[in-house]
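# Structure at a glance
Each chain, letter by letter, is given below.
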Amino acid sequence: MSSHALPGSDTDRIWTNWGGNQTCTAAVFARPRDETEVLAAVRHAIDRGLNVRVAGSGHSFTPVVPTGGMLLDLTRLTGVTGVTATDPQRLRATALAGTTVGDFGAPLWDAGLSLTNQGDIDKQVIAGAIATGTHGSGIDLPSFSAALRRVRLVDGHGEVVEIDEGDARRLHAAQVAIGSLGVMLEVELAVSPAYHLTEEISYRPWQQIVESWDELIAGHRHFSFFWCPADESADLYQLPAPPDQPMADHCYVKLYDEAEIDEPAGIVTTEGHRVDRAYRIYPGGFDTPFHEMEYMVPAEHGLEAVSAIRELMRTGHPDQRYPIEVRWTAADEAYLSPNHRLATTVISVSGAPGTDYWPFLRAVDERLREFRARPHWGKLHFMTRDRMAELFDEFDTFLDVRREFDPNGTFLNDHLRPLLG
Ligand SMILES: Cc1cc2nc3c(=O)[nH]c(=O)nc-3n(C[C@H](O)[C@H](O)[C@H](O)COP(=O)(O)OP(=O)(O)OC[C@H]3O[C@@H](n4cnc5c(N)ncnc54)[C@H](O)[C@@H]3O)c2cc1C
């Protein structure tokens, strides 16, 4: 593809993420319309020695997108392209890489299927969610990455490659690769039979969560909570606490369980108690940007680790007001997954944009080191290559596969080169 065939004006070349803390001006910005144009764009970049990154919906807080080379936007490659719903042991959905998580809901439902789990929002493109190990909550529920069964991508040789379940070594590398193996074109996910969920919201003192910790984790499909250090904390994440509800040292608790209902009679939309199709229950919204860091610790140490961060906030960083969000994720096999061979408790903290929250985040990182915490790649972290080698048993296997796909480092940027180059 010659450069004039690559769409994009000067203004288009400036990219900024949702959180407003990452930005770049790409030399070339392209919005390919189909696989052929993606392939041509990547070959164009390889010929000119440009690095290539793909922008998803920009919901990562880390510099996983910025490049001064070629930036690709795949929002024209969207849609669920196929489902396999007949064999209960092999329920599958195939979609183009730019399809948002939200875009799966209705077409899958019509086919009698649902995504097995979802996170707090559904704005991410599926390739972006997979690239960073995006997850919801549930100790038996895997991340989007773990659900990946087949991916079609353009590699650093400028070729279209397909990886499937028959090739576990390459699939486990591709499941969490932070965009470093190539440009994903199409993905196939393991999915579940369509299900409804009940959502119960409650407000509980911290001590009550401590006392019912194991029971809440084991007793519900999804258990998650936001611990609030102060009354005003709930507002920072738009948690809809009633005006008379104390929030300091209290938790906003979400419990989801599967429900057998008939539509439309069984659908309930009362605030605090809803029953609906799963894909309509999961997504919330965060209107105001924050800057988030999230680490996963082995679930057996979850209570100890969350208690340690609560104590750190109360004693060492009382100025930090964002809640701690706590979730769970099932173990998986992806080499760079924070849940690699370990079910984890997921601990997230945030800082206010425009403030110096780094000393706080560094202190959280230090405190969670003793739990061998591993990061969410889309959220702020302090990983170095040495730490990765220590924390990820298959780090070298990942690096070997990455080099096979991208020997010249076309898909690396300044953030990823020191970690994965
Ligand atoms: C408000 C908010 C709520 C969030 N909630 C959750 C949550 O509940 N659970 C959770 O785990 N995370 C959550 N996140 C984090 C978010 O899910 C991840 O950062 C995710 O990667 C963002 O997806 P995206 O489409 O925005 O991708 P981007 O952030 O744009 O990109 C992420 C990575 O994917 C790569 N990529 C995108 N498309 C392709 C492609 N086609 N081929 C190759 N690489 C590609 C990019 O290059 C980049 O490396 C949240 C973030 C925000 C801001």
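Below: a short report on this structure. Quick caveat: nothing in here was measured; it's all calculated off a predicted structure.

### Observations regarding the nonpolar core
- Ranked by internal contacts, the top residues of the largest apolar core, which has 122 residues, are Leu72, Phe225, Leu368 and Leu420.
- In contact with Phe225, other than residues within four places in its own chain, are Trp206, Ile209, Trp213, Cys251, Tyr252, Val253, Val306, Ile324, Glu325, Val326 and Trp328.
- Formed by six residues, the second largest nonpolar core is a distinct cluster that contains Tyr195, Tyr256, Ala278 and Ile281.

### Structural notes on the site of the ligand
- Around the ligand there are 36 residues in total, and Val54, His59, Ser60, Asp120 and Arg327 lie nearest to it.
- Note that an oxygen atom of the ligand is positioned 2.8 Å from one of the backbone N or O atoms of Gly128.
- Taken by itself the ligand offers 970 Å² of open surface, and the protein chains cover 99% of this.
- Of all the secondary-structure elements, those providing two or more residues to the shell around the ligand are strand S4 (52-55), helix H3 (126-132) and strand S11 (183-190).
- The class makeup of the residues in the shell around the ligand is 17 nonpolar, 15 polar and four charged.

### Here's the deal with the sheet that holds strand S21 (residues 374-375)
- The strand order across the open sheet built from nine strands is S16-S17-S13-S15-S14-S19-S20-S18-S21, with neighbouring strands paired in antiparallel fashion. In the strand order of this sheet, the two ends are held by strand S16 (268-270) and S21, each with one partner.
- When strand S13 (residues 196-205) meets strand S17 (residues 273-277), the two strands line up antiparallel, connected through five bridges. Across the sheet, residue Thr198 finds its bridge partner in S17, namely Val275.

### What to know about the pairing of strand S7 (residues 92-96)
- Of all five residues in S7, four are buried, a share of seventy percent or more.
- Sheet analysis places strand S6 (residues 80-84) next to S7, joined by four bridges and oriented antiparallel. When the bridges of S7 are listed, Val80 appears paired with Ala95.
- Where S7 and S11 come together, five bridges link them in antiparallel fashion. Bridge pairing in S11 places Ala93 opposite Leu189.

Rules used throughout
Residues numbered from 1 in each chain as written. Predicted model: local features only at pLDDT ≥ 70, side-chain atom pairs only at ≥ 80, totals over all residues. Heavy atoms only, no water. Core = buried A, V, L, I, M, F, W, Y, C linked by side-chain atoms within 4.5 Å. Buried < 20%, exposed > 50% of the residue type's maximum accessible area, 1.4 Å probe, protein only. Contact = heavy atoms within 4.5 Å. Near = heavy atom within 4 Å. Polar contact = N/O pair within 3.5 Å; in protein donor to acceptor, adjacent residues only side chain to side chain. Areas by Shrake-Rupley, 256 points an atom, 1.4 Å probe, with all protein chains shown as cover. Helix = DSSP H or I, 4+ residues; strand = E, 2+ residues; numbered from the N terminus. Nonpolar A, V, L, I, M, F, W, Y, C, P; charged D, E, K, R; others polar. Pairing = 2+ DSSP bridges.

So, to be careful, I would describe these as geometric facts and stop short of saying anything about function.
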